[in-house]
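A look at the structure
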Amino acid sequence: MTSWYYVEGKDRVGPVDEAKLAELLKGGTLDSESYVWTKGFDNWKKFNEVSELEYLLNEDTPSEAVQSDFDWNGVSKSEKIFMIKIGIDRGSQEVEYGPYNLDELSQAFAEKRINEKTLIYVPGQMKEWIFLADVPIYEQLFNTMPPVIDEIDRRKNQRKPFVARMFFHDEEEFFEGVCRDISVGGLQILVSNFPGNVGDEVSMNVHPDNSDYCFTAKGEIVRLLDGGQGFSLRFMTLNDEAKSSIESYVNKG
């Protein structure tokens, strides 16, 4: 079995086997431009220059693996379940919108309001955001072949959704939504088919992309978003730990 070394920062790391290299690629530690070396090489080579490692670069990316968790062919075109996130697709601050159905996404694409680098997510049914270009039914939806997303853009998309698990009224019915505009005063939650009204109380367990910032809270719905896209909530009970968690998340990098 061939032993490999790789460069991480300024350090030489190894030896490792090819299974470990595959794990490092999927985790984002290595990419196609990373330098590797093994016995017989005159010098360090870029990963994409090593023919015997080419098969590792052609394996499914993490975002492609996520697709198997959701039945794209079984969803109705009128079902409003898709959240989208713009920002990476245009080099600006990330903002979430939705929920939308497939017909609305097709129209938005035709009007150039979204593109192949727009991120898409289904609360409760997908583990992370993926690029529109990675949607299995891309050609069917947009009448064009999906473009290739380069590794640099893929590495930028390493954040999982900031989700809230919510229990409504009798705490028996469960919902999951995407959070945005969060502060110690409250937040907005994008969620489809939520039966709440202004004045209702909602209990939640919130999980940002970094588990260090998880917290539980209870709040009151103060505004319903247009088109049944979700609601704005004002926190009613927020302990010191939750406040610290929110402030840390808001102020991070």
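As the structure is a prediction and not an experimental result, all values here were calculated from the model.

The complete set of buried residues in helix α1 (residues 18-27) reads L21, A22, L24 and L25. Mapping the buried residues of α1 onto a view down its axis gives an arc of 165 degrees, with all of them on the same face. The exposed set on the far side of α1, more than 90 degrees from its buried face, consists of A19, E23 and G27. Capping the start of α1 is the job of one residue whose side-chain oxygen sits 3.3 Å from the backbone nitrogen of A19: D17.

So, about the sheet that holds strand β1 (residues 4-8). Strands sit in the order β2-β1-β3-β4 across an open sheet of 4 strands; the sheet is antiparallel. Taken across any chain shown, the strands that pair with only one partner, and hence form the sheet edges, are β2 (11-16) and β4 (45-46). As defined by bridge partners, β1 adjoins strand β3 (residues 35-37) across 2 bridges and the pair is classed as antiparallel. Looking at β3, one finds that Y6 is bridged to V36. Packed on one face of the sheet, α1 meets β1 and β2 and runs near 25 degrees to β1.

Our next topic: helix α4 (residues 102-110). If you check which residues of α4 are buried, you get L102, L105, S106, A108 and F109. Down the axis of α4, the buried set is contained in an arc of 165 degrees. They therefore lie on one face. Where the residues of α4 are buried, they touch β5 (82-86), β6 (95-100), β7 (119-121) and α5 (138-142). At the N-terminal boundary of α4, the capping side chain belongs to N101, with an oxygen 3.1 Å from the backbone nitrogen of D103. A positive backbone phi angle near 60 degrees is found at K112, which sits one or two residues after α4.

We now examine the sheet that holds strand β8 (residues 130-131). The 4 strands are arranged β6-β5-β7-β8 in an open sheet whose pairing can be described as antiparallel. With one partner strand each, in any of the chains shown, β6 and β8 form the two edges of the open sheet. For β7 and β8, the ladder comprises 2 bridges, and the chain directions are antiparallel. Within β8, the position partnered with L119 by the bridge is F131. Across the face of the sheet, α4 comes into contact with β5, β6 and β7 while running at roughly 130 degrees to β6.

Right, let's get into the nonpolar core. Counting 32 residues, the largest nonpolar core has F70, W72, F82, I120 and V135 as the members making the most contacts within it. Looking at this core, the elements with two or more residues in it are β5, α4, β7, β8 and α5. For this core, the element with the most residues is α4, which contributes 4 residues. Excluding residues that lie within four positions of it along the chain, I120 makes contacts with W72, F82, M83, I84, L105, M126, E128, W129, I130, F131, L132 and V135.

This part takes up the packing of aromatic side chains. A complete count under the given rule lists 7 aromatic pairs for this structure. Taking 5.9 Å as the distance between ring centres and 70 degrees as the angle between the ring planes, the aromatic pair formed by W4 and F41 counts as edge-to-face. One end of the pair, W4, is in strand β1; the other, F41, is in the loop between β3 and β4, and 37 residues separate them in sequence. The same class applies to W4 as to F41, namely buried. Taking the centre distance of 4.2 Å and the plane angle of 25 degrees together, the rings of F109 and F142 count as stacked. Here the residue F109 occupies a position in helix α4, and F142 occupies one in helix α5, the gap between them amounting to 33 residues. There is no split in this pair, since F109 and F142 are both buried.

The next point concerns the pairing of strand β13 (residues 215-224). With 6 bridges connecting them, strand β12 (residues 201-207) and β13 associate as antiparallel partners. Among the inter-strand pairings, S203 is bridged to a residue of β13, identified as K218. Bridge count between β13 and strand β14 (residues 230-237): 6 bridges; the pairing is antiparallel. Each bridged residue has a counterpart across the sheet, and for I221 the counterpart in β14 is L233.

What counts and how
Throughout, a residue's number is its position along its own chain's written sequence, starting from 1. Where totals are concerned, whole chains, interfaces and linings use all residues; where local detail is concerned, this predicted model gives features only for residues with pLDDT of at least 70, and gives and counts side-chain atom pairs only at 80 or more. As a rule here, side-chain values come from all non-hydrogen atoms in the structure, and water together with hydrogens is ignored. A simple rule labels every residue: compare its accessible area, found with a 1.4 Å probe on the protein chains alone, to the largest value its type can have, and call it buried under 20%, exposed over 50%, or partly exposed in between. Comment: elements are numbered from the N terminus, with helices defined as DSSP H or I runs of at least four residues and strands as E runs of at least two. The directions from the helix axis to the C-beta atoms are what the arc is built from. Each polar contact in these results corresponds to two N or O atoms within 3.5 Å; when the atoms are within protein, one needs to be able to donate a hydrogen and the other to accept it, and residues that are neighboring in sequence are counted only if both atoms are side-chain atoms. Here the rule is simple: two strands pair whenever DSSP picks up at least two bridges between them. The criterion used for residue contact is that any of the two residues' heavy atoms lie within 4.5 Å. Lines are fitted to the C-alpha atoms to define the axes, a helix being fitted only along its stretch in contact, and any angle between axes, read from their N-to-C directions, falls within 0 to 180 degrees. The term nonpolar core refers to a set of buried residues drawn from Ala, Val, Leu, Ile, Met, Phe, Trp, Tyr and Cys, joined through side-chain atoms within 4.5 Å. Here a Phe, Tyr or Trp ring, Trp counted by its six-membered ring, pairs with any other such ring whose centre lies within 6.5 Å, and the pair is stacked when the planes are under 30 degrees apart, edge-to-face when over 60, and tilted otherwise.

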